[in-house]
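Residues per chain, in single letters:
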Amino acid sequence: MTELPASVDGCEDCLRDGGVWMHLRICLQCGHVGCCDDSPGQHASRHAHAEQHPLIRSLEPGEDWSYCFIDDLAMIIPAVKGHTRIPPSPMLS
Ligand SMILES: [Zn+2]
Ligand SMILES: [Zn+2]
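Residues numbered from 1 in each chain as written. Chains lettered and ligands numbered in written order. Predicted model: local features only at pLDDT ≥ 70, side-chain atom pairs only at ≥ 80, totals over all residues. Heavy atoms only, no water.

Student: Explain the coordination of the zinc ion (ligand 2) to me, using residue names and the numbers behind them.
Tutor: Bound to the zinc ion (ligand 2) on the protein side are Cys-27 (SG), Cys-30 (SG), His-47 (NE2) and His-53 (ND1), at distances that span 2.0 to 2.3 Å. In this structure, the zinc ion (ligand 2) is surrounded by four donor atoms whose angles at the metal cover 104 to 112°, and the resulting shape is tetrahedral. For the zinc ion (ligand 2), all donor residues lie on one chain, and their spacing in sequence is C-x2-C-x16-H-x5-H. Of this pair, Cys-30 sits in the loop between strand E1 (24–27) and strand E2 (33–35) while His-47 sits in helix H2 (residues 43–51); the two residues are 17 residues apart in sequence, bridging distant segments of the chain. (Donors = N, O, S within 2.8 Å, 3.2 Å for Na, K, Ca; no water. Tetrahedral: all angles 85-135°; square planar, octahedral: opposite > 155°, others 65-115°. Helix = DSSP H or I, 4+ residues; strand = E, 2+ residues; numbered from the N terminus.)

Student: Before we move on, can you summarise the coordination of the zinc ion (ligand 1) with the specific residues and values?
Tutor: Every protein donor of the zinc ion (ligand 1) is listed here as Cys-11 (SG), Cys-14 (SG), Cys-35 (SG) and His-43 (ND1), and their distances to the metal cover 2.0 to 2.3 Å. With four donor atoms in place around the zinc ion (ligand 1) and angles of 105 to 117° between them, the coordination shape is tetrahedral. Donor residues binding the zinc ion (ligand 1) come from one chain and are separated in sequence as C-x2-C-x20-C-x7-H. Within this pair, whereas Cys-14 is found in helix H1 (residues 12–17), its partner His-43 is found in helix H2, the two being separated by 29 residues in sequence.

Student: Describe the environment of Pro-78, naming the residues involved and giving the relevant values.
Tutor: Structurally, Pro-78 is set in the segment after strand E5 (73–75). Residue Pro-78 is classed as exposed on the basis of its relative accessible area, which comes to 64%. Residues Pro-78 and Glu-60 lie 18 residues apart in sequence; the distance between their C-alpha atoms is 17 Å. (Buried < 20%, exposed > 50% of the residue type's maximum accessible area, 1.4 Å probe, protein only.)

Student: Please provide a residue-by-residue account of the packing of aromatic side chains, values included.
Tutor: Evaluated as defined, the whole model comprises one aromatic pair. Seen from their ring centres, Tyr-67 and Phe-69 are 5.0 Å apart, and the 90° between their planes marks the pair as edge-to-face. In this pair, the class of Tyr-67 matches that of Phe-69, namely buried. (Phe/Tyr/Trp six-rings, centres within 6.5 Å; stacked < 30°, edge-to-face > 60°.)

Student: Describe the nonpolar core, listing the residues and the values that go with them.
Tutor: Counting residues in hydrophobic clusters, the biggest one holds 13 residues, and the most contacted among them are Val-8, Cys-11, Trp-21, Leu-24, Val-33 and Leu-59. Elements represented by at least two residues in this core include exactly E1 and E2. Other than its neighbours up to four places away in sequence, Val-33 contacts Val-8, Gly-10, Cys-11, Glu-12, Asp-13, Leu-24, Arg-25, Ile-26 and Leu-59. (Core = buried A, V, L, I, M, F, W, Y, C linked by side-chain atoms within 4.5 Å. Contact = heavy atoms within 4.5 Å.)

Student: Now, about the sheet that holds E1: what can you tell me, with residues and values included?
Tutor: Here we have five strands laid out as an open sheet, ordered E2-E1-E3-E4-E5, and antiparallel in their pairing. Single-partner strands in this sheet number two, and they are E2 and E5. The mean inter-strand angle of the sheet, taken between neighbouring strand axes irrespective of direction, is 35°. Pairing between E1 and strand E3 (residues 55–58): three bridges, direction antiparallel. Of the residues in E3, the one forming a bridge with Ile-26 is Arg-57. (Pairing = 2+ DSSP bridges. Axes fitted to C-alpha atoms, helices over the stretch in contact; angles between N-to-C directions.)

Written as structure tokens, this is what we have:
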């Protein structure tokens, strides 16, 4: 996927399990929204490994980097467009 959603409600897995997240990442293969490795659930990297979807993009305001878990490499993917509105981190409120 190259078009980011207009808004998301938070980490899908945290919302389902009642967890809290710090920062949000989206899977560029299927659109799964997960949380970063500073979050207790680390759902973005767990999704990447479980589903073998290694490419994520940050959904944090002002951040436009993507990351590949296989290559352990951060990059900018210009084809990925859009801005996603996200709720504030429940860990910071
Ligand atoms: Zn999570
Ligand atoms: Zn995925």
